[in-house]
Amino acid sequence: MGVEAHATNERVTGRRWTVRLDPVGRGRADVRVSCSRPACAAQTLPSAAAGRTAAIAHLKAHLRAGPAPRPSVHCACRAEECHTHIRPAGPRERPVPWRCGGAIVLAVITDREGRWWQVMECCSRCAAAHPTAKVVATAPAAEASARNDGLRADTAATAVPSVHAPTFSAISPHFSHSATATGTAVPQQASAPRSAARSAPRSARPTRKRPPRGRIAQRLVPHDLRPVALRDELTELGELFRAYQARTEPDLAMLADLHARKAEAFHAWAEATADTGLRLDAQRAEQAAATARLQHLHRIGQAPDGEGPAVVRLLTAPAQWKHARAVLAHVAENAPLPGAEARLLVVMVTLRTAQSGVGNLVGQDIKGLPLQDPQHLVEQLVESGWLGISGTAEELIASRPENPTRISVPSLTPDEDDPGPFTFGRKLRPKLSGWAQRVVGEKKLRKGKTGADVRLLALALATGSDGEGRLGPGGEGIGLDTLSSWCSVDPADLPDLVDRLTAADWLAEADVTGTHLTGRLTERVLPLGCPLT
């Protein structure tokens, strides 16, 4: 054998590096993109979608700039003895590590959630054993080719002394002719043209371009998949899913439709290829579609077919929600006294007397509100002429349920010429009053000892969100001027009120900009909401 066949080089372990996507902090939307290579500095991006795009671009830049996989290195998994690729054991067998073998490749491995991407210089067998591995480059089999060529050259030299061993370039892989596979000597005149053909640069050979392949759910759509309509549907679905992941706001109805289309397409794909894995993926897509559709119905307050309402609201009909907003708007325009405490008391008294202008109050109705001096506040309302009571303010505060105090609001009392500002009937008035008491007296608001301004803000947000709890029409938010006027506070004080509602688990994802408050009501308080229609 030739000298080259005996030559051995010290082999090193293959390269490995990781690009990660991690949250910056709890409750924050921005993310950090980091790379394990020492020369790469971490980046901070405003959202997970932007971070994922930056991470993939960073990884592609490394792959483009880095060297090709080296044929002489050990598989990167060898350092771990392939513990991540354990072959399943039989009934009486012990699990053994998956044996390394095949050409050295550069493989990209990622998790299904898209939080990290790892590049490994490993053997093709270990790459094939990992379900998410994608091979991006394969090393030329230069060493194996050189050893085989040396063996054939020695055999040919023994048979025909005048023939010299051919020399090959180590730049690109070489392939043996079928005539030399059995060790038969090849004449020099015949081997020279083949050697020249083998050493020809790869770029000079004509290449056939294929159309770009579609990708969906970590699967590549085959070029030859038939019917063509199925191939196009799978490709389009993959693009739609990736576009949905880049959205800043979720749309569960759209997601349910995408999963339903995926289930149908994967069933057809499984029938065309007899692939059990595709059939299982189709079943999982059906389950995902049903779950997303149910979550959508829960968020908008509708009930699935044959079931009760998804969100059992205290006020159940759109007409009741409109009347609740009408009462709050009337109080905002006709409040007799300034200040959040006076505004809150006027709301509760208005709901007690809205139908006929008269009603009953007991001391607990007023003492249960967060008022610093309820007796003085009642006296101010009486002095302004807005409220009338039978007795004194002190007697009203001391009255008990068995002996309530009669009150009246002249501006709400209907007559022949003026039926009053409200059009709902007698049965709805106690429902509206009970709803307002549930909102302002909610358990966590009481335990947090929140003030009248916070509870007024809770009332405003309960009537200013959509069916999914998002604030404002279409989730676009509520104007700060509107909230400031309704809560009778300065606009600069609104961020503190929002923080208090967030701490009381009323608001989530709240953000106060220069003009609007965006966010959503938490699932816990959705039953108290009056959705915008």
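This text goes with the structure placed above it.
Heads up: these notes are all about the structure in this document. (Residues numbered from 1 in each chain as written. Predicted model: local features only at pLDDT ≥ 70, side-chain atom pairs only at ≥ 80, totals over all residues. Heavy atoms only, no water.)

## Side note on the pattern of salt bridges
Per the counting criterion, the structure on display carries 20 salt bridges. Among the salt bridges present, the one from arginine 284 reaches aspartate 281, with a minimum N-O distance of 2.4 Å. In this pair, arginine 284 and aspartate 281 both sit in helix H8 (residues 276-300), 3 residues apart, roughly one turn of the helix. In this structure aspartate 281 comes out as buried when scored by relative accessible area, which is 14%. (Salt bridge = Lys/Arg side-chain N within 4 Å of Asp/Glu carboxyl O. Helix = DSSP H or I, 4+ residues; strand = E, 2+ residues; numbered from the N terminus. Buried < 20%, exposed > 50% of the residue type's maximum accessible area, 1.4 Å probe, protein only.)

## Observations concerning the sheet that holds strand E4 (residues 104-110)
Strands pair in a sheet through their backbones, by hydrogen bonds, and they do so in one of two ways: parallel or antiparallel. Sheet architecture is open: 6 strands sit in the order E3-E2-E1-E5-E4-E6, paired in antiparallel fashion. Of all strands in the sheet, those with a lone pairing partner are strand E3 (43-45) and strand E6 (134-138), marking the two edges. The sheet shows a mean angle of 20 degrees between the axes of neighbouring strands, taken without regard to direction. Pairing of strand E1 (residues 16-23) with strand E5 (residues 116-123), which is carried by 5 bridges, proceeds in the antiparallel orientation. Residue pairing across strands places valine 19 opposite tryptophan 117, the latter belonging to E5. Along the sheet, helix H2 (residues 48-65) makes contact with E1, strand E2 (31-35), E3, E4, E5 and E6, crossing E1 at roughly 170 degrees. (Pairing = 2+ DSSP bridges. Axes fitted to C-alpha atoms, helices over the stretch in contact; angles between N-to-C directions. Contact = heavy atoms within 4.5 Å.)

## Some words on the sheet that holds strand E11 (residues 405-408)
Spatial strand order, E9-E11-E10: 3 strands in an open sheet with antiparallel pairing. Each having just a single partner strand, strand E9 (358-361) and strand E10 (388-389) make up the two edges of the open sheet. The sheet contact formed by E10 and E11 spans 2 bridges and is antiparallel. Across the sheet, isoleucine 389 pairs through a bridge with isoleucine 407, a residue of E11. Of the strands in this sheet, E9 and E11 are in contact with helix H10 (residues 340-353), which crosses E9 at around 120 degrees.

## Details of a negative patch on the surface
Residues Asp373, Glu379, Glu383, Glu394 and Glu395 make up a contiguous surface patch of negative charge. Of all the secondary-structure elements, those providing two or more residues to the negative patch are helix H12 (374-383) and helix H13 (393-398). You can call glutamate 379 partly exposed: its relative accessible area is 32%. (Patch = residues over 30% accessible without salt bridge, like charges linked within 9 Å, V, L, I, M, F, W, Y side chains within 5 Å. Areas by Shrake-Rupley, 256 points an atom, 1.4 Å probe, with all protein chains shown as cover. Lys, Arg positive; Asp, Glu negative; His and termini not counted. Charge placed at Lys NZ, Arg CZ, Asp CG, Glu CD.)

## What to know about the pairing of strand E13 (residues 507-512)
Within a regular beta strand, the side chains point alternately toward one face of the sheet and then the other, so they alternate between its two faces. Where E13 and strand E14 (residues 516-521) come together, 4 bridges link them in antiparallel fashion. By the bridge assignment, alanine 508 is partnered in E14 with arginine 520. The turn linking E13 back onto E14 is made up of 3 residues.

## Topic: the packing of helix H9 (residues 318-334) against H10
Packed helix pairs are characterised by how far apart their axes lie and by the angle those axes make with each other. The contact between H9 and H10 brings their axes to 10 Å, and the two run at 130 degrees. In terms of orientation, H9 lies oblique with respect to H10. Along this stretch, H9 crosses H10, giving a crossing that reads as right-handed. When H9 is examined against H10, the residues Val327, Leu328, Val331 and Ala332 are found in contact with a partner set consisting of Arg343, Val346, Val347, Thr350 and Leu351. Broken down by class, the residue content of the contact of H9 with H10 amounts to 7 nonpolar, 1 polar and 1 charged. (Parallel < 35°, antiparallel > 145°, perpendicular 65-115°, else oblique. Left-handed = near helix turned anticlockwise from the far one by under 90°. Nonpolar A, V, L, I, M, F, W, Y, C, P; charged D, E, K, R; others polar.)

## So, the environment of arginine 429
Tracing the sequence through the fold places arginine 429 in helix H14 (residues 428-440). Arginine 429 sits 77 residues away from arginine 352 along the chain, and the two C-alpha atoms are 7.5 Å apart. Residue contacts for arginine 429: discarding those within four places in its chain leaves Leu351, Arg352, Ala354, Gln355 and Phe424.

## A closer look at the side chain of serine 433
With respect to the helices, strands and loops of the structure, serine 433 is situated in helix H14. In this view, serine 433 contacts Leu351 and Arg352; residues no more than four positions away in its chain are not counted.

## Notes on unusual backbone geometry
Looking along the chain, the bond that leaves arginine 226 and enters proline 227 is cis, with omega of 5 degrees. Inspection of the secondary structure puts proline 227 in the loop between strand E8 (219-220) and helix H6 (228-245). For lysine 449, which is not glycine, the phi dihedral falls at a positive 55 degrees. Within the secondary structure layout, lysine 449 lies in the loop between helix H15 (443-447) and helix H16 (452-462).

## Side note on the packing of aromatic side chains
In the structure shown here, the tally under the stated rule is 2 aromatic pairs. Consider the rings of phenylalanine 266 and tryptophan 269, whose centres lie 5.5 Å apart with planes at 75 degrees: the pair is edge-to-face. Separated by 3 residues within a single helix, phenylalanine 266 and tryptophan 269 lie in helix H7 (residues 252-273), roughly one turn from each other. Accessibility assignment for this pair places phenylalanine 266 and tryptophan 269 in one class, buried. Taking 5.6 Å as the distance between ring centres and 25 degrees as the angle between the ring planes, the aromatic pair formed by phenylalanine 422 and phenylalanine 424 counts as stacked. (Phe/Tyr/Trp six-rings, centres within 6.5 Å; stacked < 30°, edge-to-face > 60°.)

## Section: the packing of H9 against H14
H14 packs onto H9 with a crossing angle of 70 degrees between their chain directions and a minimal axis gap of 11 Å. With respect to each other, H9 and H14 are oriented roughly perpendicular. Note on packing geometry: the crossing formed by H9 with H14 is right-handed. For the pair H9 and H14, contact is made by Gln320, His323, Ala324 and Leu328 and by Leu428, Lys431, Leu432 and Trp435, respectively. Residues that form the contact of H9 with H14 fall into these classes: 5 nonpolar, 2 polar and 1 charged.

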